[in-house]
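# An overview of the molecular structure
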Amino acid sequence: MPGSGKDGVLRRRGTVLTRLLHCSGDPVAVRVLGLRSAIRLRAEAPSRPAALEAVERMRFALGLDHDLTPFHVRFRRDPLLGPVIRRRPWLRPRRRPQPFEALAWAICEQLIDSERAWEIQRRLVRRFGPRSECGSLRDAPLAPTLAGRAPAELQACGLSAARALAMVKSAREVATGRADLAQHEPAWRRLRTISGIGSWTVEKLAFHGQGRDDQIPAGDLAYVKLVGRLEGLGRRATEDEVRAFFSRYEPYAGLAGIYLLHAAYAGGFGRYG
């Protein structure tokens, strides 16, 4: 499912997930019903274009149209990937419905543990996230909203001074169109000019928000530990060593990373951690 729900934007009731999105300027409530052999999506919006866009974005986040066949065929005999491909062929990466959301949440997650990041994200959602008409749902903060805030207001939600400034500057670049997140590489270059936006943050945006299976956040703690283990280094790998390891899986480095992490957490490579 798109996100863990621990950031305060995804609601679950029984088998139904509900998410508020903003598409074409309109608020859209999208409900996802998981059935035994299918997933149904329903969008409630002021206009049909907004509803269709919201459904498309949720389909992206859920990976419903993500064709993994070329990846599976190419690596089904790989000694590391093959076993997890055979055991979990349905495995899909978790993604964010909107690219700016992926960018903002990546900034929140810089150099802190997940629980702390989720707490900051919930505070940002409560303070800056637009609310549904019924008042029960909130979307993640939008770029124009954060672009107009002072960094101190974001610090009050738990961000460090440097990360609060980086988030405001990033939001301004996106809101003004100077960093068009639909244009991947140009947007990455623009964002990298902002202090506090490095390769890990841009790669998180690319993989989780833009659907780039070739991008892997090589500096992520999970990957430096995983590669250190798989390569028998006796230590954590460097970012360059992670990139070199996953280069064998191009252009699916990000997908390969997700599959190998699942295998590691399932005990497929012995003790992990």
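Residues numbered from 1 in each chain as written. Predicted model: local features only at pLDDT ≥ 70, side-chain atom pairs only at ≥ 80, totals over all residues. Heavy atoms only, no water.

The next point concerns the packing of helix α11 (residues 221-230) against helix α13 (residues 253-265). Running from N to C, α11 and α13 point in directions that differ by 70°, and their axes come no closer than 11 Å. When the axes of α11 and α13 are compared, the pair comes out roughly perpendicular. Side by side, α11 and α13 meet where A222, Y223, L226 and L230 of the first sit next to G254, G257, I258, L260, L261, A264 and Y265 of the second. Here the contact of α11 with α13 is built from residues that sort into nine nonpolar, two polar and no charged. (Axes fitted to C-alpha atoms, helices over the stretch in contact; angles between N-to-C directions. Helix = DSSP H or I, 4+ residues; strand = E, 2+ residues; numbered from the N terminus. Parallel < 35°, antiparallel > 145°, perpendicular 65-115°, else oblique. Contact = heavy atoms within 4.5 Å. Nonpolar A, V, L, I, M, F, W, Y, C, P; charged D, E, K, R; others polar.)

For the rest of this paragraph, the subject is the environment of H184. Note on placement: H184 falls in helix α9 (residues 184-191). Apart from residues lying up to four places away in sequence, H184 is in contact with Q210 and R212. Among the polar contacts made by the side chain of H184, one reaches the side chain of R212 at a distance of 3.2 Å. (Polar contact = N/O pair within 3.5 Å; in protein donor to acceptor, adjacent residues only side chain to side chain.)

Pairing within the open sheet is antiparallel, and its four strands lie in the order β1-β2-β3-β4. Since the sheet does not close on itself, it has two edges, and those belong to β1 (10-13) and β4 (39-44), each with one partner. Averaged over neighbouring strand pairs, the angle between their axes works out to 25° when direction is ignored. Summarising the sheet, β1 and strand β2 (residues 16-23) pair through four bridges and their orientation is antiparallel. Considered in β2, the bridge of R11 is made with T18. Seen against the sheet, helix α1 (residues 48-62) touches β2, β3 (26-34) and β4 and runs at an angle of roughly 45° to β3. (Pairing = 2+ DSSP bridges.)

Inspection of the secondary structure puts R95 in the loop between α3 (81-87) and α4 (99-108). A distance of 2.6 Å separates the side chain of R95 from the backbone oxygen of F207, its partner in a polar contact. At 2.6 Å, the side chain of R95 forms a polar contact with the side chain of D213.

We now examine the environment of E185. Of note, E185 is situated in helix α9. A relative accessible area of 34% means that E185 is categorised as partly exposed. Sequence separation between E185 and R235 is 50 residues, and the spatial gap between their C-alpha atoms is 33 Å. Of note is the side chain of E185, whose polar atom sits 3.1 Å from the side chain of R212. (Buried < 20%, exposed > 50% of the residue type's maximum accessible area, 1.4 Å probe, protein only.)

Below, the discussion takes up the pairing of β3. Here eight bridges tie β2 to β3, and the two strands are oriented antiparallel to one another. Paired with L17 across the strands is V32, a residue of β3. Hairpin connection from β2 to β3: two residues lie between these consecutive antiparallel strands, with S24 at a positive phi of about 55°. Bridge analysis of β3 against β4 gives six bridges, and the strand direction is antiparallel. Directly across from G34, in β4, lies its bridge partner I39.

A few words now on helix α8 (residues 161-175). For α8, spanning 15 residues, the distance from its first C-alpha to its last is 21 Å, which sits close to the expected 21 Å at 1.5 Å a residue. Among the residues of α8, those classed as buried are R163, A164, A166, M167, V168, S170, A171, E173 and V174. Those residues of α8 that are buried are in contact with α4, α5 (114-128), α6 (143-147), α7 (151-155) and α9. Backbone geometry just after α8 places G177 at a positive phi near 85°. (Expected span 1.5 Å × (residues − 1).)

Let us look at helix α10 (residues 199-209). Owing to its 3.6 residues per turn, the α-helix brings residues three or four apart onto one side. Taking burial as the measure, the eleven residues of α10 include eleven buried ones, the bulk of the element. Within α10, the full set of buried residues consists of S199, W200, T201, V202, E203, K204, L205, A206, F207, H208 and G209. Lining the buried residues of α10 we find α1, α4, α9, α12 (239-246) and α13. Once α10 ends, the next one or two residues include G211, with phi positive near 70°.

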